[in-house]
Amino acid sequence: MILLDGKQISADIKAEIALAVTEIKKEGKRAPHLAAVIVGNNGASMTYVGAKVKACELVGFSSTLIDLPAQTTEVELLAKIHALNDNLEIDGFIVQLPLPEHIDEQKILMAVHPDKDVDGFHPTNVGRMALDLPTFLSATPYGIMELLERYKVPTSGKHVVVIGRSHIVGRPMSILMSQKRPAGDSTVTIAHSRTTNLEKLTLEADIIVAALGIPEFLKAEMVKPGAVIIDVGITRVPDETKKRGYRIAGDVDFESVSKKAGYITPVPGGVGPMTIAMLLKNTLLAFGRNAS
Ligand code: NAD
(Lines give C-alpha, C1' and ligand atoms only; values in the text may rest on other atoms or scores of the structure.)
Protein backbone atom coordinates (compact mmCIF):
# COMPACT_ATOMS: atom_id res chain seq x y z
CA MET A 1 0.00 0.00 0.00
CA ILE A 2 1.28 3.46 -0.92
CA LEU A 3 0.17 6.39 1.20
CA LEU A 4 -0.74 9.41 -0.93
CA ASP A 5 0.92 11.97 1.30
CA GLY A 6 -0.92 15.24 0.72
CA LYS A 7 1.04 16.91 3.47
CA GLN A 8 4.33 16.26 1.68
CA ILE A 9 3.10 17.04 -1.84
CA SER A 10 1.40 20.24 -0.69
CA ALA A 11 4.65 21.27 1.01
CA ASP A 12 6.47 20.67 -2.30
CA ILE A 13 3.90 22.79 -4.16
CA LYS A 14 4.13 25.57 -1.60
CA ALA A 15 7.94 25.54 -1.93
CA GLU A 16 7.55 25.88 -5.72
CA ILE A 17 5.15 28.80 -5.24
CA ALA A 18 7.46 30.47 -2.70
CA LEU A 19 10.28 30.27 -5.26
CA ALA A 20 8.06 31.90 -7.88
CA VAL A 21 7.16 34.67 -5.41
CA THR A 22 10.85 35.31 -4.69
CA GLU A 23 11.41 35.78 -8.44
CA ILE A 24 8.40 38.13 -8.68
CA LYS A 25 9.71 40.26 -5.83
CA LYS A 26 13.21 40.30 -7.34
CA GLU A 27 11.67 41.94 -10.40
CA GLY A 28 10.42 44.70 -8.10
CA LYS A 29 6.78 43.68 -8.39
CA ARG A 30 4.32 43.42 -5.51
CA ALA A 31 3.49 39.99 -4.08
CA PRO A 32 0.38 38.07 -5.21
CA HIS A 33 -2.52 38.99 -2.94
CA LEU A 34 -5.37 36.72 -1.78
CA ALA A 35 -8.35 37.96 0.22
CA ALA A 36 -10.77 35.79 2.17
CA VAL A 37 -14.22 36.82 3.32
CA ILE A 38 -15.83 35.08 6.27
CA VAL A 39 -19.29 35.84 7.62
CA GLY A 40 -20.10 34.77 11.18
CA ASN A 41 -17.96 32.59 13.38
CA ASN A 42 -18.55 28.98 12.36
CA GLY A 43 -15.73 27.07 14.11
CA ALA A 44 -14.70 24.87 11.17
CA SER A 45 -14.84 27.80 8.72
CA MET A 46 -12.63 29.92 10.99
CA THR A 47 -10.09 27.07 11.11
CA TYR A 48 -10.09 26.71 7.31
CA VAL A 49 -9.74 30.45 6.68
CA GLY A 50 -7.01 30.70 9.31
CA ALA A 51 -5.08 27.91 7.58
CA LYS A 52 -5.46 29.66 4.20
CA VAL A 53 -4.14 32.99 5.55
CA LYS A 54 -1.23 31.20 7.25
CA ALA A 55 -0.39 29.42 3.98
CA CYS A 56 -0.28 32.81 2.21
CA GLU A 57 2.27 34.07 4.71
CA LEU A 58 4.35 30.94 4.26
CA VAL A 59 4.76 31.40 0.49
CA GLY A 60 5.24 35.18 0.66
CA PHE A 61 1.78 36.23 -0.59
CA SER A 62 -0.07 39.20 0.84
CA SER A 63 -3.37 38.26 2.42
CA THR A 64 -6.40 40.14 3.70
CA LEU A 65 -8.98 38.59 5.99
CA ILE A 66 -12.37 40.26 5.91
CA ASP A 67 -14.17 39.03 8.99
CA LEU A 68 -17.82 40.11 8.95
CA PRO A 69 -20.42 39.64 11.70
CA ALA A 70 -23.11 36.93 11.31
CA GLN A 71 -25.85 39.58 10.95
CA THR A 72 -24.21 41.11 7.82
CA THR A 73 -26.93 41.56 5.18
CA GLU A 74 -26.79 40.21 1.66
CA VAL A 75 -26.61 43.79 0.33
CA GLU A 76 -23.65 44.59 2.59
CA LEU A 77 -21.84 41.42 1.55
CA LEU A 78 -22.47 42.13 -2.14
CA ALA A 79 -21.02 45.63 -1.67
CA LYS A 80 -17.89 44.08 -0.13
CA ILE A 81 -17.58 41.69 -3.07
CA HIS A 82 -17.93 44.47 -5.62
CA ALA A 83 -15.21 46.42 -3.81
CA LEU A 84 -12.92 43.36 -3.97
CA ASN A 85 -13.72 42.88 -7.68
CA ASP A 86 -12.62 46.51 -8.29
CA ASN A 87 -9.52 46.44 -6.09
CA LEU A 88 -6.51 46.16 -8.42
CA GLU A 89 -4.22 45.23 -5.53
CA ILE A 90 -6.14 41.99 -4.92
CA ASP A 91 -5.57 39.19 -7.43
CA GLY A 92 -8.13 36.74 -6.15
CA PHE A 93 -10.52 36.20 -3.28
CA ILE A 94 -12.72 33.57 -1.73
CA VAL A 95 -15.95 33.69 0.21
CA GLN A 96 -15.80 30.98 2.84
CA LEU A 97 -18.85 28.70 2.80
CA PRO A 98 -21.29 28.03 4.35
CA LEU A 99 -22.84 31.49 4.63
CA PRO A 100 -25.53 32.33 7.19
CA GLU A 101 -29.00 31.19 6.10
CA HIS A 102 -30.34 34.67 5.35
CA ILE A 103 -27.76 35.08 2.56
CA ASP A 104 -28.30 33.49 -0.86
CA GLU A 105 -25.05 31.60 -1.45
CA GLN A 106 -25.57 31.30 -5.20
CA LYS A 107 -26.17 35.05 -5.55
CA ILE A 108 -22.92 35.75 -3.71
CA LEU A 109 -20.81 33.31 -5.73
CA MET A 110 -22.26 34.77 -8.94
CA ALA A 111 -21.12 38.24 -7.85
CA VAL A 112 -17.44 37.25 -7.63
CA HIS A 113 -15.72 38.32 -10.85
CA PRO A 114 -14.69 35.14 -12.72
CA ASP A 115 -11.12 36.52 -13.10
CA LYS A 116 -10.80 36.73 -9.31
CA ASP A 117 -12.71 33.54 -8.52
CA VAL A 118 -9.74 31.49 -7.30
CA ASP A 119 -12.14 28.96 -5.73
CA GLY A 120 -13.43 28.20 -9.24
CA PHE A 121 -17.08 28.29 -8.13
CA HIS A 122 -18.44 30.88 -10.60
CA PRO A 123 -20.60 29.37 -13.39
CA THR A 124 -18.21 30.82 -16.00
CA ASN A 125 -15.29 28.93 -14.46
CA VAL A 126 -17.29 25.74 -13.87
CA GLY A 127 -18.37 25.90 -17.53
CA ARG A 128 -14.81 26.45 -18.70
CA MET A 129 -13.70 23.49 -16.56
CA ALA A 130 -16.41 21.29 -18.09
CA LEU A 131 -15.30 22.35 -21.58
CA ASP A 132 -11.64 21.69 -20.72
CA LEU A 133 -10.68 25.36 -21.26
CA PRO A 134 -8.03 27.15 -19.15
CA THR A 135 -9.64 28.28 -15.88
CA PHE A 136 -9.42 28.20 -12.11
CA LEU A 137 -10.16 24.60 -11.19
CA SER A 138 -11.92 24.35 -7.88
CA ALA A 139 -9.25 23.66 -5.29
CA THR A 140 -10.29 20.29 -3.85
CA PRO A 141 -10.76 18.45 -7.19
CA TYR A 142 -7.65 20.22 -8.52
CA GLY A 143 -5.70 19.02 -5.48
CA ILE A 144 -6.82 15.42 -6.01
CA MET A 145 -5.85 15.56 -9.69
CA GLU A 146 -2.42 16.94 -8.73
CA LEU A 147 -1.92 14.26 -6.07
CA LEU A 148 -2.77 11.47 -8.54
CA GLU A 149 -0.48 13.02 -11.15
CA ARG A 150 2.51 13.54 -8.87
CA TYR A 151 2.27 9.96 -7.57
CA LYS A 152 1.88 8.77 -11.19
CA VAL A 153 -1.20 6.77 -10.23
CA PRO A 154 -2.45 5.07 -13.43
CA THR A 155 -5.88 6.48 -14.33
CA SER A 156 -6.17 5.96 -18.10
CA GLY A 157 -8.94 3.46 -18.87
CA LYS A 158 -9.53 2.85 -15.17
CA HIS A 159 -12.99 2.71 -13.65
CA VAL A 160 -13.52 5.50 -11.15
CA VAL A 161 -16.46 5.59 -8.78
CA VAL A 162 -17.03 9.06 -7.31
CA ILE A 163 -19.34 8.96 -4.27
CA GLY A 164 -21.06 12.33 -3.94
CA ARG A 165 -22.37 14.77 -6.55
CA SER A 166 -21.81 18.15 -4.88
CA HIS A 167 -20.89 21.15 -7.01
CA ILE A 168 -17.58 21.65 -5.24
CA VAL A 169 -16.25 18.08 -5.05
CA GLY A 170 -18.10 15.11 -6.55
CA ARG A 171 -19.41 16.67 -9.76
CA PRO A 172 -16.16 18.42 -10.85
CA MET A 173 -14.15 15.31 -9.88
CA SER A 174 -16.30 13.17 -12.17
CA ILE A 175 -15.82 15.62 -15.05
CA LEU A 176 -12.07 16.09 -14.61
CA MET A 177 -11.28 12.38 -14.38
CA SER A 178 -13.28 11.66 -17.53
CA GLN A 179 -11.38 14.30 -19.51
CA LYS A 180 -8.33 13.78 -21.68
CA ARG A 181 -5.72 15.17 -19.26
CA PRO A 182 -3.07 14.05 -16.78
CA ALA A 183 -4.79 11.89 -14.13
CA GLY A 184 -7.79 11.71 -16.46
CA ASP A 185 -8.94 9.42 -19.27
CA SER A 186 -10.92 7.34 -16.78
CA THR A 187 -14.34 5.78 -17.14
CA VAL A 188 -16.39 7.46 -14.45
CA THR A 189 -19.46 6.46 -12.46
CA ILE A 190 -20.96 9.08 -10.18
CA ALA A 191 -22.89 7.76 -7.18
CA HIS A 192 -25.06 9.70 -4.74
CA SER A 193 -27.67 9.32 -2.02
CA ARG A 194 -30.18 7.73 -4.43
CA THR A 195 -27.75 5.16 -5.82
CA THR A 196 -29.15 1.71 -5.04
CA ASN A 197 -26.25 -0.62 -5.82
CA LEU A 198 -23.31 1.29 -4.39
CA GLU A 199 -21.39 -1.70 -3.01
CA LYS A 200 -21.59 -3.50 -6.37
CA LEU A 201 -20.15 -0.38 -8.06
CA THR A 202 -17.36 0.23 -5.54
CA LEU A 203 -16.32 -3.44 -5.70
CA GLU A 204 -15.75 -2.98 -9.44
CA ALA A 205 -13.88 0.32 -9.06
CA ASP A 206 -10.16 0.73 -9.70
CA ILE A 207 -10.34 4.15 -8.07
CA ILE A 208 -12.84 5.39 -5.46
CA VAL A 209 -13.28 9.05 -4.56
CA ALA A 210 -15.31 9.20 -1.34
CA ALA A 211 -16.90 12.64 -0.92
CA LEU A 212 -20.15 12.15 0.94
CA GLY A 213 -19.41 13.48 4.41
CA ILE A 214 -20.32 10.32 6.38
CA PRO A 215 -17.46 9.31 8.71
CA GLU A 216 -15.84 5.93 7.94
CA PHE A 217 -18.58 5.05 5.44
CA LEU A 218 -16.39 3.11 3.01
CA LYS A 219 -15.47 -0.28 4.52
CA ALA A 220 -12.94 -2.88 3.37
CA GLU A 221 -15.69 -5.22 2.12
CA MET A 222 -16.78 -2.51 -0.35
CA VAL A 223 -13.34 -2.26 -1.97
CA LYS A 224 -11.49 -4.53 -4.37
CA PRO A 225 -7.87 -5.45 -3.56
CA GLY A 226 -5.36 -2.93 -4.92
CA ALA A 227 -7.90 -0.13 -5.45
CA VAL A 228 -6.90 3.53 -5.23
CA ILE A 229 -8.79 5.26 -2.41
CA ILE A 230 -9.21 9.03 -2.24
CA ASP A 231 -10.85 10.18 0.98
CA VAL A 232 -12.25 13.70 0.74
CA GLY A 233 -14.39 13.60 3.89
CA ILE A 234 -13.73 15.88 6.82
CA THR A 235 -16.14 15.47 9.73
CA ARG A 236 -15.70 16.52 13.34
CA VAL A 237 -16.62 13.49 15.44
CA PRO A 238 -17.06 14.00 19.21
CA ASP A 239 -14.14 12.41 21.06
CA GLU A 240 -13.67 12.96 24.78
CA THR A 241 -10.12 11.61 24.71
CA LYS A 242 -9.07 14.67 22.68
CA LYS A 243 -8.36 18.00 24.34
CA ARG A 244 -10.49 19.88 21.80
CA GLY A 245 -13.37 17.37 22.30
CA TYR A 246 -13.47 15.98 18.77
CA ARG A 247 -11.41 14.15 16.15
CA ILE A 248 -11.36 14.64 12.39
CA ALA A 249 -12.75 11.65 10.50
CA GLY A 250 -12.69 10.89 6.79
CA ASP A 251 -15.32 9.05 4.75
CA VAL A 252 -13.14 5.93 4.63
CA ASP A 253 -12.57 3.38 7.37
CA PHE A 254 -8.80 3.81 7.03
CA GLU A 255 -7.96 1.04 9.50
CA SER A 256 -9.54 -1.72 7.41
CA VAL A 257 -9.44 -0.23 3.88
CA SER A 258 -5.72 0.63 4.00
CA LYS A 259 -4.92 -3.11 4.38
CA LYS A 260 -6.63 -3.79 1.06
CA ALA A 261 -5.87 -0.63 -0.98
CA GLY A 262 -3.09 -0.09 -3.51
CA TYR A 263 -2.95 3.64 -2.75
CA ILE A 264 -4.83 5.61 -0.09
CA THR A 265 -5.02 9.18 1.21
CA PRO A 266 -5.01 9.61 5.00
CA VAL A 267 -7.30 11.99 6.90
CA PRO A 268 -5.92 14.32 8.04
CA GLY A 269 -2.88 14.84 5.79
CA GLY A 270 -4.34 13.77 2.42
CA VAL A 271 -6.74 15.84 0.35
CA GLY A 272 -7.13 18.65 2.94
CA PRO A 273 -3.64 20.19 2.65
CA MET A 274 -3.76 19.80 -1.15
CA THR A 275 -6.86 22.00 -1.26
CA ILE A 276 -4.99 24.90 0.33
CA ALA A 277 -1.93 24.45 -1.90
CA MET A 278 -4.13 24.58 -5.03
CA LEU A 279 -5.87 27.72 -3.82
CA LEU A 280 -2.43 29.34 -3.65
CA LYS A 281 -1.63 28.01 -7.12
CA ASN A 282 -4.84 29.57 -8.46
CA THR A 283 -3.92 32.88 -6.81
CA LEU A 284 -0.51 32.80 -8.48
CA LEU A 285 -2.27 32.18 -11.79
CA ALA A 286 -4.62 35.12 -11.13
CA PHE A 287 -1.61 37.31 -10.31
CA GLY A 288 0.05 36.30 -13.59
CA ARG A 289 -3.06 37.22 -15.54
CA ASN A 290 -3.53 40.44 -13.61
CA ALA A 291 0.07 41.50 -14.13
CA SER A 292 0.17 40.75 -17.86
P1 NAD B 1 -22.30 17.59 0.29
O2 NAD B 1 -23.03 17.34 1.55
O3 NAD B 1 -22.57 18.81 -0.51
O4 NAD B 1 -22.54 16.36 -0.69
C5 NAD B 1 -22.56 15.04 -0.24
C6 NAD B 1 -22.89 14.13 -1.39
O7 NAD B 1 -22.86 12.81 -0.92
C8 NAD B 1 -24.29 14.38 -1.99
O9 NAD B 1 -24.16 14.53 -3.38
C10 NAD B 1 -25.08 13.13 -1.62
O11 NAD B 1 -25.94 12.73 -2.68
C12 NAD B 1 -23.98 12.10 -1.42
N13 NAD B 1 -24.38 11.09 -0.43
C14 NAD B 1 -24.88 11.29 0.81
N15 NAD B 1 -25.14 10.13 1.41
C16 NAD B 1 -24.79 9.17 0.53
C17 NAD B 1 -24.84 7.75 0.57
N18 NAD B 1 -25.28 7.08 1.64
N19 NAD B 1 -24.39 7.07 -0.50
C20 NAD B 1 -23.94 7.71 -1.59
N21 NAD B 1 -23.87 9.06 -1.68
C22 NAD B 1 -24.30 9.77 -0.64
O23 NAD B 1 -20.77 17.44 0.65
P24 NAD B 1 -19.42 18.04 -0.01
O25 NAD B 1 -19.40 19.50 0.15
O26 NAD B 1 -19.20 17.44 -1.36
O27 NAD B 1 -18.38 17.42 1.01
C28 NAD B 1 -18.23 16.02 1.19
C29 NAD B 1 -17.23 15.79 2.29
O30 NAD B 1 -15.98 16.30 1.87
C31 NAD B 1 -17.55 16.49 3.61
O32 NAD B 1 -17.09 15.69 4.67
C33 NAD B 1 -16.73 17.76 3.53
O34 NAD B 1 -16.39 18.28 4.80
C35 NAD B 1 -15.52 17.26 2.81
N36 NAD B 1 -14.77 18.28 2.08
C37 NAD B 1 -13.43 18.25 2.21
C38 NAD B 1 -12.65 19.14 1.51
C39 NAD B 1 -11.15 19.06 1.66
O40 NAD B 1 -10.47 20.01 1.41
N41 NAD B 1 -10.61 17.89 2.02
C42 NAD B 1 -13.23 20.10 0.70
C43 NAD B 1 -14.61 20.09 0.54
C44 NAD B 1 -15.38 19.17 1.25
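Draft legend 1. Spatial organisation of the overall build of the protein. The number of helices and strands found in the protein is 10 helices and 11 strands. Radius of gyration (C-alpha) of the protein: 19 Å, near the 19 Å computed for a compact globule of 292 residues. Dimensions along the principal axes, computed over C-alpha positions, put the protein at roughly 50 × 40 × 35 Å. In the protein, which comprises 292 residues, the proportion classed as buried is 50%. If you sum the accessible surface of the protein, you get close to 13700 Å²; carbon and sulfur atoms cover 56% of it. Distance between charge centres in the protein, computed from 32 positive and 33 negative side chains, equals 3 Å.

Draft legend 2. Seen up close, the sheet that holds strand β5 (residues 159-163). Strand order in the open sheet made by the 6 strands is β1-β11-β8-β7-β5-β6, with parallel pairing throughout. Strand pairing shows two members of the sheet lacking a second neighbour, β1 (2-3) and β6 (187-191), which therefore form its edges.

Draft legend 3. Layout of helix α7 (residues 170-178). Of all the positions in α7, only Gly170, Pro172, Met173, Ser174, Leu176 and Met177 are classed as buried. Of the surrounding secondary structure, the elements contacted by the buried residues of α7 are α5 (123-130), α6 (139-150), β5, β6 and β7 (207-210).

Draft legend 4. Representation of the environment of Cys56 in the model. Mapped onto the secondary structure, Cys56 falls in helix α2 (residues 43-59). The spatial distance from the C-alpha of Cys56 to the C-alpha of Thr241 is 32 Å, given a sequence separation of 185 residues. Excluding residues within four positions of it along the chain, Cys56 makes contact with Leu34, Phe61, Ser63 and Leu280.

Draft legend 5. Examining the site of the ligand more closely. Looking at the ligand, there are 21 residues lining it, with Arg165, Ser166, Ser193, Ile234 and Thr275 nearest. The separation between an oxygen atom of the ligand and a polar main-chain atom of Arg165 is 2.8 Å. Alone, the ligand offers 860 Å² of accessible surface; in the complex the protein occludes 71% of this. Ranked by residue count, the leading element in the shell around the ligand is helix α10 (residues 271-291), at 3 residues. Within the shell around the ligand, the residues separate by chemical class into 10 nonpolar, 10 polar and 1 charged.

Draft legend 6. Looking closely at the sheet that holds strand β4 (residues 92-95). Pairing in this open sheet of 3 strands is parallel, and the strands run β3-β2-β4 from one edge to the other. Of all the strands in the sheet, just β3 (62-68) and β4 have a single pairing partner and so form its edges. Sheet twist, expressed as the mean angle between neighbouring strand axes with direction ignored, is 15 degrees. Both strand β2 (residues 33-39) and β3 contribute to a ladder of 7 bridges, which runs parallel. Bridge pairing in β3 links Leu34 to Ser63. Seen against the sheet, α2 touches β2, β3 and β4 and runs at an angle of roughly 165 degrees to β2.

Draft legend 7. Highlighting the nonpolar core. In terms of nonpolar packing, the biggest core is built from 48 residues, with Ile144, Leu148, Val209, Val228, Ile230 and Val232 touching the most fellow members. Residue contributions to this core peak at 8 residues, all from α10. Residue contacts for Ile144: discarding those within four places in its chain leaves Met173, Val209, Ile230, Val232 and Val271.

Scoring rules and cut-offs
- Residues numbered from 1 in each chain as written.
- Predicted model: local features only at pLDDT ≥ 70, side-chain atom pairs only at ≥ 80, totals over all residues.
- Heavy atoms only, no water.
- Helix = DSSP H or I, 4+ residues; strand = E, 2+ residues; numbered from the N terminus.
- Rg over C-alpha atoms; globule rule 2.2 N^0.38 Å.
- Buried < 20%, exposed > 50% of the residue type's maximum accessible area, 1.4 Å probe, protein only.
- Areas by Shrake-Rupley, 256 points an atom, 1.4 Å probe, with all protein chains shown as cover.
- Lys, Arg positive; Asp, Glu negative; His and termini not counted.
- Charge placed at Lys NZ, Arg CZ, Asp CG, Glu CD.
- Pairing = 2+ DSSP bridges.
- Contact = heavy atoms within 4.5 Å.
- Near = heavy atom within 4 Å.
- Polar contact = N/O pair within 3.5 Å; in protein donor to acceptor, adjacent residues only side chain to side chain.
- Nonpolar A, V, L, I, M, F, W, Y, C, P; charged D, E, K, R; others polar.
- Axes fitted to C-alpha atoms, helices over the stretch in contact; angles between N-to-C directions.
- Core = buried A, V, L, I, M, F, W, Y, C linked by side-chain atoms within 4.5 Å.

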